[in-house]
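So the chains spell out like this:
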Protein chains: 8
Amino acid sequence: MDNYLNEYRQLFQQIKSGEVNIEQALNQVRNLKFDDLGFAKVDHHRQIRNGYPEVIFSQGKTVEQIKAIVLKLAEKNNNIMATRATREVYEGICEVIEDAEYFEAARIVVVKKRNILVTEKTIAVVSAGTSDIPVAEEAAITAETLGNRVTRVYDVGVAGIHRLFANADTLMSANVLVVVAGMEGALASVVGGMVDKPVIAVPTSIGYGASFGGLSALLTMLNSCSSGISVVNIDNGFGAGYTASMINKL
Amino acid sequence: MDNYLNEYRQLFQQIKSGEVNIEQALNQVRNLKFDDLGFAKVDHHRQIRNGYPEVIFSQGKTVEQIKAIVLKLAEKNNNIMATRATREVYEGICEVIEDAEYFEAARIVVVKKRNILVTEKTIAVVSAGTSDIPVAEEAAITAETLGNRVTRVYDVGVAGIHRLFANADTLMSANVLVVVAGMEGALASVVGGMVDKPVIAVPTSIGYGASFGGLSALLTMLNSCSSGISVVNIDNGFGAGYTASMINKL
Amino acid sequence: MDNYLNEYRQLFQQIKSGEVNIEQALNQVRNLKFDDLGFAKVDHHRQIRNGYPEVIFSQGKTVEQIKAIVLKLAEKNNNIMATRATREVYEGICEVIEDAEYFEAARIVVVKKRNILVTEKTIAVVSAGTSDIPVAEEAAITAETLGNRVTRVYDVGVAGIHRLFANADTLMSANVLVVVAGMEGALASVVGGMVDKPVIAVPTSIGYGASFGGLSALLTMLNSCSSGISVVNIDNGFGAGYTASMINKL
Amino acid sequence: MDNYLNEYRQLFQQIKSGEVNIEQALNQVRNLKFDDLGFAKVDHHRQIRNGYPEVIFSQGKTVEQIKAIVLKLAEKNNNIMATRATREVYEGICEVIEDAEYFEAARIVVVKKRNILVTEKTIAVVSAGTSDIPVAEEAAITAETLGNRVTRVYDVGVAGIHRLFANADTLMSANVLVVVAGMEGALASVVGGMVDKPVIAVPTSIGYGASFGGLSALLTMLNSCSSGISVVNIDNGFGAGYTASMINKL
Amino acid sequence: MDNYLNEYRQLFQQIKSGEVNIEQALNQVRNLKFDDLGFAKVDHHRQIRNGYPEVIFSQGKTVEQIKAIVLKLAEKNNNIMATRATREVYEGICEVIEDAEYFEAARIVVVKKRNILVTEKTIAVVSAGTSDIPVAEEAAITAETLGNRVTRVYDVGVAGIHRLFANADTLMSANVLVVVAGMEGALASVVGGMVDKPVIAVPTSIGYGASFGGLSALLTMLNSCSSGISVVNIDNGFGAGYTASMINKL
Amino acid sequence: MDNYLNEYRQLFQQIKSGEVNIEQALNQVRNLKFDDLGFAKVDHHRQIRNGYPEVIFSQGKTVEQIKAIVLKLAEKNNNIMATRATREVYEGICEVIEDAEYFEAARIVVVKKRNILVTEKTIAVVSAGTSDIPVAEEAAITAETLGNRVTRVYDVGVAGIHRLFANADTLMSANVLVVVAGMEGALASVVGGMVDKPVIAVPTSIGYGASFGGLSALLTMLNSCSSGISVVNIDNGFGAGYTASMINKL
Amino acid sequence: MDNYLNEYRQLFQQIKSGEVNIEQALNQVRNLKFDDLGFAKVDHHRQIRNGYPEVIFSQGKTVEQIKAIVLKLAEKNNNIMATRATREVYEGICEVIEDAEYFEAARIVVVKKRNILVTEKTIAVVSAGTSDIPVAEEAAITAETLGNRVTRVYDVGVAGIHRLFANADTLMSANVLVVVAGMEGALASVVGGMVDKPVIAVPTSIGYGASFGGLSALLTMLNSCSSGISVVNIDNGFGAGYTASMINKL
Amino acid sequence: MDNYLNEYRQLFQQIKSGEVNIEQALNQVRNLKFDDLGFAKVDHHRQIRNGYPEVIFSQGKTVEQIKAIVLKLAEKNNNIMATRATREVYEGICEVIEDAEYFEAARIVVVKKRNILVTEKTIAVVSAGTSDIPVAEEAAITAETLGNRVTRVYDVGVAGIHRLFANADTLMSANVLVVVAGMEGALASVVGGMVDKPVIAVPTSIGYGASFGGLSALLTMLNSCSSGISVVNIDNGFGAGYTASMINKL
């Protein structure tokens, strides 16, 4: 909160010196009060210097709206990540900016303007079925774009638990794990019982009948009897990747 | 349906011989038509000869009502099983009949009047946590009372999956499996992925928060990605034991 | 678990004879430990020798993905079954392999490379309404492809219960029963009250208004007061056919 | 609406004759307008002459409150029925009025001051399990107190469908049927398929696990594929008896 | 059940006379037992003589399937009613049979081969909003086709309750009422408070947001504090019309 | 209620003078009784004089139906507002009337025939995300068309709470606030904690996964620990704008 | 926000005059920044001068905790209101302070230290059944304690709608209305259709069966087709009274 | 996995040396295979050396059972933590072991046998209302017992958001945050918008009406629009404290 106090310090010196009068100072305070609360997320400067991307949630926005946002963000010469991006979104972005890369499985467009330091420690992204891969990739690409080393362990659902165990070393050497599963979502509990690292569980809407759009997997994960598991919203690969990155970088 | 047709055959012979007239025969048919449909479950004779018990569901009945039912059933000199029986129910039964045995963990009273042939093949009853044991025991005692060899594998929840695997031989040598689990209910999927025998999954109401009285485990089990799993109602240990016995005796 | 121990036995003999040194042995153990746990389902050899099919769940996969999987499985010269297959999936499979057969009502493609021994005992597949037939056929074709004799009893909903009773002999002579019903799903309870064989109940999403996509039938079946009924997921004809087959072959 | 118009007619005559002046008449109209809308249920006179009871819903009222209401109603010398009445309520009523009768199973107190003509046609009250009897009796006693001939067919759940069919004649000779069932509630559909008379279905909260306090039976009944079935609230025996009486007396 | 007993009487006379031997008789009994249970709905003869239609539920059937059913039913020269029929269904029916009439708002096709006696007493069909009219018309046309006099009172939702009261005479002179309402479904309670005749309430799926596809109106109607109301499934205009007709014809 | 009584007063004078006889008067009363209850909303005259619009809820109506309604309303020369109007609806309205204006974001068509006095006090319409703007605009345009001064504070979700506080003066100077938010809907609580004016909270169906079509935001708002918040239906911008206007004009 | 700026103004003058140095000023700012954001609710001074009470939500607090809070609040000599207060709470409060008054039906304790100006305009509190009175009284006493004139219209449920209309004048002369109803909750819609003033609807948990603890009434009220209705949480009489007071005092 | 391989290494050397024969070795492997899978959590040795406690979940266990478990764990001279412990549990533990400490608000008993190194970095436990404190304390005491520095920020719900901001420095200097809130649960989103550290959100069952036992807060937290938030089960303070500790110690 130094910056914030610095602004006040400067103002006080100006008051003391008579450079600004009291009414002028009060006007400044009204703005300072609310505009510069100094909360972490308001201070983008540090993040930008480190190559953190600006994020656009594409779903529910038109291609034209996204192009406009990209153009505006590009002025800062910062990295940009557009999630839930269709191919049309990607092609629209290509019209206004160079060097956009499309991760189709993850439905993410990345525009890389600065390099970002990559962590030594890895995030493991684990998924149960092949249908869960889009959500898993959304988590993985998000974490990579935020500067994390990521290992993928896909198609290791509990119905064939030997495949999961064949990857035990990989799981146990990760620093943080993202576990993505639909249907009954039991994979999170099993992985949580194997490792002693934080597990971010992502229920997916994959399933049919009484999976109720991911509710089944969501409840399974919330009720896990394994410790160290916390859960994000159904299909929220981005949130899982972001949270895992935040933890991995502590 | 032989018995049923025999009654008609006898009637027809009586008509032919003039022993009964047609109006008398029609009266008999009205009764025969509905009373002796000949469905399997109506024919208790075979079951009784084999030592199958009569079952009383105690919940929602007064001790006096249960005592009356037991007295009436005892006339047939058949085995009796009372489920969801409190200690008070057991003590009430003891007042009217000898040789009642109380399985407290299972909440079942058994009155054994005839021996029942025990199967060679085993039913494995598997449970996740210690709190699931009452439901597991209800299934196990039910199956044993119906004449099955039962092996119990308790406290092998997926949070410590090595304990489950330490019992792999037992699981894999069972003919039918009953898997009892509350909270997230993932155990059924994992067991279903280990064996190629039918698994009867029993969700329990054990859990808290978003387990919603067993709904979480129920949905998990219904959505299992392992094949060969079918599900009974929440806490329905009796139903699972009965179904497993039916399958084991095929 | 003989095979599994045999691999260790062979390894130990090689250690003893000095054929492999201890470090080499430890590397092998790492793999043996997880790759060859010896669980039943890992051992496909026995199943394949008996003509059991490999199963592809087509829903959520592209035709190209399915064609690739079929081609890979075909190398083993094993039977193949693709469920939830549209006509497009069938035509795609025909492009890469001969002898594919399409069961349109069941939405199943079967490629038969080996004969499978058919059971003496029958599975009865019973359905309530004509709209339930796709799910019923999925169960029936699944069971037949797995080598079971199947009898179909369709359109016998409880609203016209005499039609059900006209088929009582068929129901009562089955070894296992699959009961498929949407709307209120009462058929499972009535059938369960008629027979003393295991009943696999399949709720369907057929219905409108407060059927809530099959929830109504699902709850009905879970709460059945008839014994010997267990339930699979909504519309899960495959799961019911597979479970019934597993039971029928015990 | 004759009475209602009569009051206006009388008023108009008084205006015409000058007996009341226009301002007095306007004041009367304000009251007439809302107090004497002439709707059927406001006109208790006809009902009272016919012996229809006044109804007190006891649940949520104190014994003192109920005693006060009974005393007030007793002034009209009308029949009184208190539903959901505990034994304490009954004893309280006995303190303030003679001739109260307590139907314990139905939890109803009846005070009979006038005779009520009993219908020729019967209402059949049918129930699935013994635990459903309180709700069934609430319906039966309600219908009887309202002057209907009632036949009871209890403990005929679909798990033993031959018992239901043994009563087919009784069911088919009823003019209206009330079907009371908990757990899976399938009885309403089966009865609805046997008769061509209106069926009032009452789900009960009897059951456990996924019966969710009667929700399972409620959904079953709403989704019934049998025609002629309509449904009242869970455990609402009074509502069913009242509606059946209304239909039976048309 | 006279017909049914007549068949037995005839059989017995043939046994007595030696016309059929006992084994032949037993074969006949097997069929009689289940085919001719004598339940009301099996005996279509009376209904057909009175002009009652056969009903086809079109939803989920192809036009070709419906045409085939119509052709088969037409052989009996009976009235036919197809519900949930699109214009395509109507045009398909016109290709195979003459004189089909299409009630577009009700989505019902009627083929009238015989006249049906129309009741003196009326059924009032009352609806809340203009969007509820398709369901209301389904009820009204169903009741008319079954031979009832029907009066329609539409667009009288409780938000403008004076419109409802302007029709009070019509409501109060009906013998049975069908009340159709979506959104909050309060109309059923208000009408139920005005009349002392049976009210069949039909929740519709009309609404948005927290109406949850008709759940809101369904719960409102089930919980109505007015007596004499029973409820059918969401959007089930046919069921309401059928039940109302059954009651109206008692 | 003066008008209403005036009609009676006039009638009484006519009775007194003999201008109408008593039977004629009774006929008039039947109509007066229900047609002119004198409730506030029946009396459109005052509203119309003040420029209040007639409202058409377009959803579920055809363009032709809407055109007909507009034409009929236009006869009264009153303002008209059509909500949930697509561009097709707007174009249809333009065919039958001049001067229709389309607020595309709000999906509202306004036809202004009379001026409406605008309030001094303002309604603040606050929204969380850009996707919530259609619902927010529906509220804002509704309130403006009803004659309120409206200030918009958009895109101030709690994830970046400094943006909300930057608008604190605007929020605190409003007389009534409408807060529109999807996803977790926390904005209503935060705003409710900042101001001491009534807050109308509108949950939107914006969100994914476990937002369940707006249920999450709805529950959040209902459970708000801030006082002075009341809630309308999911996506019900019109209802919020209308209620806010009603409050603002007290 | 004048007070807030005044504190800064005073600080700036002290800086200018040298009375405080810059570091001292920065320390003060840290506190000012967050402690005195100047939001309306932080400024209790105006409210206290006007007799507004401090509110204690008693539920979930021990009597000792409540006594301690009362003692602390009493120091300010302000009015105090404790909601959801049992008689034990009241007696506990009496031990530490004089002049506490207990409104038993409303479960509210009021300690009045200052007079509060009472509004000219009235709030009408309307309730459907006698069981809803506790919630209605909570709303009424809350509104009265906050200085509003309140009229009560109780026991006017829609099942006997003439009682509601007999109070039409009272309803129509209120400035704001609180409508309290359980079971089907239809009363809010009917009242909302009669008046053109804001209606705060309060669903109650009164009911049984499918009322699901107030969910039925809640959904009814949210889906109301009457305009001008907004809804608070189930049983939240306090919230309704508070919101109504806020609106009534605009 | 070193330990695990060491056991195999030792075995292989014994085989090589002839110390064990091959059959003996195979027997050992059967055990090694499943008992010593080498998964992290099986290896308690490291944890125990670091002072990590063994955890007993007391809920659903009798005091006698807990005493027995404590006695057995005490043999290892390890720290012990019993969660959801009533005062009776605490007193029972005191009977069998010395030095047990009871954290009443947290419902946790701690038996400290070894010291545990405390982290430099802090976990902030933030709670909305005073009723949420038991869950918050469960999280805080869990984290402290696992060796974390914990700061508590209680009673900072969003209804009085200035209290939250007054603690902004504390929140922003934490390494991990646990946010505990019932009712609408909005606090997690607001805190998540203020910090850029991982937030573990814990919904509590505090609330009434439509909070549905914590469902409202759960959905709010899952749908949070702030990034970096993950969620544990309702009231799961232990899980949150454990997960936060796991993250804090990375």
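About the thresholds
Residues numbered from 1 in each chain as written. Chains lettered and ligands numbered in written order. Predicted model: local features only at pLDDT ≥ 70, side-chain atom pairs only at ≥ 80, totals over all residues. Heavy atoms only, no water. Domains from an automatic or database assignment. Buried area = accessible area lost by both parts, 1.4 Å probe. Salt bridge = Lys/Arg side-chain N within 4 Å of Asp/Glu carboxyl O. Helix = DSSP H or I, 4+ residues; strand = E, 2+ residues; numbered from the N terminus. Pairing = 2+ DSSP bridges. Axes fitted to C-alpha atoms, helices over the stretch in contact; angles between N-to-C directions. Contact = heavy atoms within 4.5 Å. Least-squares fit on C-alpha atoms with pLDDT ≥ 70 in both. Expected span 1.5 Å × (residues − 1). Buried < 20%, exposed > 50% of the residue type's maximum accessible area, 1.4 Å probe, protein only. Parallel < 35°, antiparallel > 145°, perpendicular 65-115°, else oblique. Left-handed = near helix turned anticlockwise from the far one by under 90°. Nonpolar A, V, L, I, M, F, W, Y, C, P; charged D, E, K, R; others polar. Polar contact = N/O pair within 3.5 Å; in protein donor to acceptor, adjacent residues only side chain to side chain. Right-handed = clockwise from strand over helix to strand, strands pointing away. Phe/Tyr/Trp six-rings, centres within 6.5 Å; stacked < 30°, edge-to-face > 60°. Lys NZ or Arg CZ within 6 Å of the ring centre and 35° of its normal. Arc of directions from axis to C-beta.

Trainee: So what about the domain arrangement of chain A? Which residues, and what values?
Mentor: All names here are of chain A. Per the domain assignment, the segments of chain A are domain 1 (2-111) and domain 2 (122-248). Interface of domain 1 and domain 2: buried area, both sides summed, is about 1100 Å²; carbon and sulfur atoms make up 68% of it. At the boundary of domain 1 and domain 2, one finds one salt bridge. Only β2 (80-83) and β4 (108-111) provide two or more residues apiece to the side of domain 1 that touches domain 2.

Trainee: Provide a residue-level description of the sheet that holds strand β3 (residues 100-103) of chain H, including the pertinent values.
Mentor: Residues and elements named next belong to chain H. Read across the open sheet, the four strands follow the order β1-β2-β4-β3; overall the sheet is mixed. At either end of the open sheet lies a strand with only one pairing partner, and these are β1 (54-57) and β3. Put simply, the sheet's adjacent strands are angled 20 degrees from each other on average, direction ignored. With respect to the sheet, helix α4 (residues 63-74) is in contact with β1 and β2 (80-83), its orientation differing from that of β1 by roughly 175 degrees.

Trainee: So what's going on with the relation of the copies chain E and chain D? Which residues, and what values?
Mentor: Overlaying chain E with chain D gives an RMSD of 0.1 Å, the required rotation being 180 degrees about an axis along which the chain moves by 0.0 Å. On the angle and the small slide along the axis, the relation comes out as a two-fold axis. A shared binding surface is used by both copies, with 100% of the interface residues of chain E retained as interface residues in chain D.

Trainee: Please set out helix α6 (residues 133-145) of chain G residue by residue, giving values where relevant.
Mentor: End to end, α6(G) covers 17 Å across 13 residues, agreeing with the expected 18 Å (1.5 Å per residue, within 8%). The buried fraction of α6(G) amounts to 10 of the 13 residues, a majority that puts the element mostly inside the structure.

Trainee: I'd like to hear about the packing of helix α4 (residues 63-74) of chain B against helix α5 (residues 87-96) of chain B, residue by residue, with values.
Mentor: Residues and elements named next belong to chain B. Where α4 meets α5, the closest approach of the two axes is 9 Å, and the angle between their N-to-C directions is 40 degrees. Of the possible angle classes, the one that applies to α4 and α5 is oblique. The crossing of α4 and α5 is right-handed. Counting all contacts with α4, which are made through V63, I66, K67, V70 and L71, the residues of α5 involved are E88, V89, G92, I93, E95 and V96. Classifying every residue of the contact of α4 with α5 by side-chain character gives seven nonpolar, one polar and three charged.

Trainee: I'd like a rundown of the sheet that holds strand β3 (residues 100-103) of chain G, residues and numbers included.
Mentor: By way of backbone hydrogen bonds, the strands of a sheet pair with one another, either parallel or antiparallel. Residues and elements named next belong to chain G. On the basis of which strands lie adjacent, the open sheet formed by four strands has the order β1-β2-β4-β3 and mixed pairing. Edge positions in the sheet fall to β1 (54-57) and β3, since each of these pairs with one other strand and no more. Looking at each pair of strands side by side, their axes are set apart by 20 degrees on average, direction ignored. Of the pairings in the sheet, the one linking strand β2 (residues 80-83) to strand β4 (residues 108-111) comprises three bridges and is antiparallel in character. When the sheet's bridge partners are listed, A82 is paired in β4 with V109.

Trainee: I'd love a proper account of the environment of R149(E), names of residues and values included.
Mentor: All names here are of chain E. Mapping R149 onto the fold places it in strand β6 (residues 149-153). Here the alpha-carbon distance between R149 and S216, two residues 67 residues apart in the chain, equals 31 Å. Sequence-distant contacts of R149, defined by excluding residues within four places in its chain, comprise V118, T119, E120, K121, T122 and I123.

Trainee: How would you explain the interface of chain E and chain D if you had to name every residue and give the values?
Mentor: Residue-level contacts link 38 residues of chain E with 38 residues of chain D. Along the contact surface separating chain E from chain D lie zero salt bridges. Inspection of the region where chain E meets chain D yields four residue pairs in polar contact (both at pLDDT 80 or more). In terms of residues, the side of chain E that touches chain D owes the most to one element, helix α11 (residues 237-248) of chain E, which gives five residues. Per-class residue counts for the side of chain E that touches chain D are 21 nonpolar, 11 polar and six charged.

Trainee: Got a sec to walk through the interface of chain H and chain A? Specific residues and values, please.
Mentor: At the junction of the two partners, chain H supplies 38 residues and chain A supplies 38 residues. Buried area between chain H and chain A, both sides added, is near 3200 Å², and the carbon and sulfur share of it is 65%. Taken together, the links from chain H to chain A amount to zero salt bridges. Between the two partners, chain H and chain A, sit four residue pairs in polar contact (both at pLDDT 80 or more). Of all the secondary structure elements, the ones that give two or more residues to the side of chain H that touches chain A are α3 (44-49), α8 (168-172), α9 (187-194), α10 (215-222), β9 (229-231) and α11 (237-248) of chain H. Here the element with the most residues in the side of chain H that touches chain A is α11(H); it accounts for five residues.

Trainee: An account of the pairing of strand β4 (residues 108-111) of chain H is needed here, citing residue identities and associated values.
Mentor: Residues and elements named next belong to chain H. Residue alternation in β4 divides its side chains into two sets, I108 and V110 and V109 and V111, and both sets are buried. Across four bridges, the pairing between β3 and β4 is antiparallel. Residue pairing for β4: F103 is matched across the bridge by I108. Hairpin geometry of β3 and β4 is characterised by an intervening segment of four residues between the two adjacent antiparallel strands and by a positive phi of about 55 degrees at R107.

Trainee: Describe in detail the pattern of salt bridges, supporting the description with residues and values.
Mentor: Opposite charge on two side chains makes pairing possible when the charged atoms of those side chains draw close. In total, this model carries 57 salt bridges over all chains according to the counting rule given. Residue E95(E) pairs with K67(E) through a salt bridge whose shortest N-O separation is 2.9 Å. Linking E95(E) in helix α5 (residues 87-96) with K67(E) in helix α4 (residues 63-74), this pair joins segments that are 28 residues apart in sequence. Ionic contacts of the salt-bridge type, sharing partners, join the residues E64(A), K67(A) and E95(A) into one network.

Trainee: Quick rundown of the relation of the copies chain H and chain A? Include the residues and the values.
Mentor: When chain H is fitted to chain A, the residual RMSD is 0.2 Å, and the transformation amounts to a turn of 180 degrees plus an axial shift of 0.1 Å. Interface overlap between copies: 100% of the residues of chain H at the interface are likewise at the interface in chain A, consistent with a symmetric, same-surface contact.

Trainee: Requested: an account of the side chain of S230(C), with residues and values cited.
Mentor: For S230(C), the location among the structural elements is in strand β9 (residues 229-231). Excluding residues within four positions of it along the chain, S230(C) makes contact with I200(B), S230(B), V231(B), V232(B), T243(B), V199(C), I200(C) and A201(C).

Trainee: So, unusual backbone geometry: which residues are in play, and what are the values?
Mentor: Glycine aside, the phi torsion of most residues is negative, and most peptide linkages are trans. Although it is not a glycine, D155(D) adopts a positive phi angle of roughly 65 degrees. Structurally, D155(D) can be placed in the loop between β6 (149-153) and α7 (161-165). Its identity as a non-glycine residue notwithstanding, M183(E) has a phi of 45 degrees, on the positive side. For M183(E), the location among the structural elements is in the loop between β7 (176-181) and α9 (187-194). The class of M183(E) is partly exposed, set by a relative accessible area of 26%.

Trainee: Just give me the short version of the pairing of strand β6 (residues 149-153) of chain H, but keep the residues and values in it.
Mentor: Residue and element names in this part refer to chain H. Pairing of strand β5 (residues 122-127) with β6, which is carried by five bridges, proceeds in the parallel orientation. Opposite V126, over in β6, you have V153 as the bridge partner. Chirality of the crossover, the property in question, places the unit of β5, helix α6 (residues 133-145) and β6 among those that are right-handed.

Trainee: Give a description of the packing of aromatic side chains that names residues and reports values.
Mentor: Summed over the entire model, instances satisfying the criterion amount to 31 aromatic pairs over all chains. Aromatic side chains Y90(D) and Y102(D) sit 5.0 Å apart centroid to centroid with 10 degrees between the ring planes, which places their arrangement in the stacked category. One end of the pair, Y90(D), is in helix α5 (residues 87-96); the other, Y102(D), is in strand β3 (residues 100-103), and 12 residues separate them in sequence. Seen from their ring centres, F165(F) and F165(H) are 5.0 Å apart, and the 75 degrees between their planes marks the pair as edge-to-face. Of this pair, F165(F) sits in helix α7 (residues 161-165) while F165(H) sits in helix α7 (residues 161-165), on two different chains. On the basis of relative accessible area, F165(F) is assigned to the buried category, the value being 1%. Across the ring face of Y208(B), the terminal group of R84(H) is positioned such that the distance to the ring centre comes to 4.8 Å.

Trainee: Please provide a residue-by-residue account of the side chain of T119(A), values included.
Mentor: All names here are of chain A. In this structure, T119 sits in the loop between β4 and β5 (122-127). Within the local environment of T119, its side chain forms a polar contact with the backbone oxygen of K121, the two atoms lying 2.8 Å apart. A polar contact is formed between the side chain of T119 and the backbone nitrogen of R149, at a distance of 3.2 Å. When sequence neighbours within four positions are dropped, the list of residues in contact with T119 reads G147, N148, R149, N248 and K249.

Trainee: Tell me about the environment of A240(A), and name the residues and values.
Mentor: Residues and elements named next belong to chain A. Mapped onto the fold, A240 is located in helix α11 (residues 237-248). Taking the relative accessible area as the measure of exposure, A240 reaches 0% and is therefore buried. On a C-alpha basis, the gap between A240 and I80 in space is 18 Å, while along the polypeptide they are 160 residues apart. Setting aside chain neighbours within four positions, we find A240 in contact with V178, I200, V202 and V232.

Trainee: How would you explain α4(E) if you had to name every residue and give the values?
Mentor: All names here are of chain E. With 12 residues, α4 extends 16 Å between its outermost C-alpha atoms, agreeing within 8% with the 16 Å of an ideal straight helix rising 1.5 Å per residue. Residues of α4 that are buried include every one of I66, K67, V70 and L73, and no others. Buried positions in α4, seen along its axis, are confined to an arc of 130 degrees and lie on one side of it. The outward face of α4, more than 90 degrees from its buried face, is lined by the exposed residues E64 and K72. Those residues of α4 that are buried are in contact with β1 (54-57), β2 (80-83) and α5.

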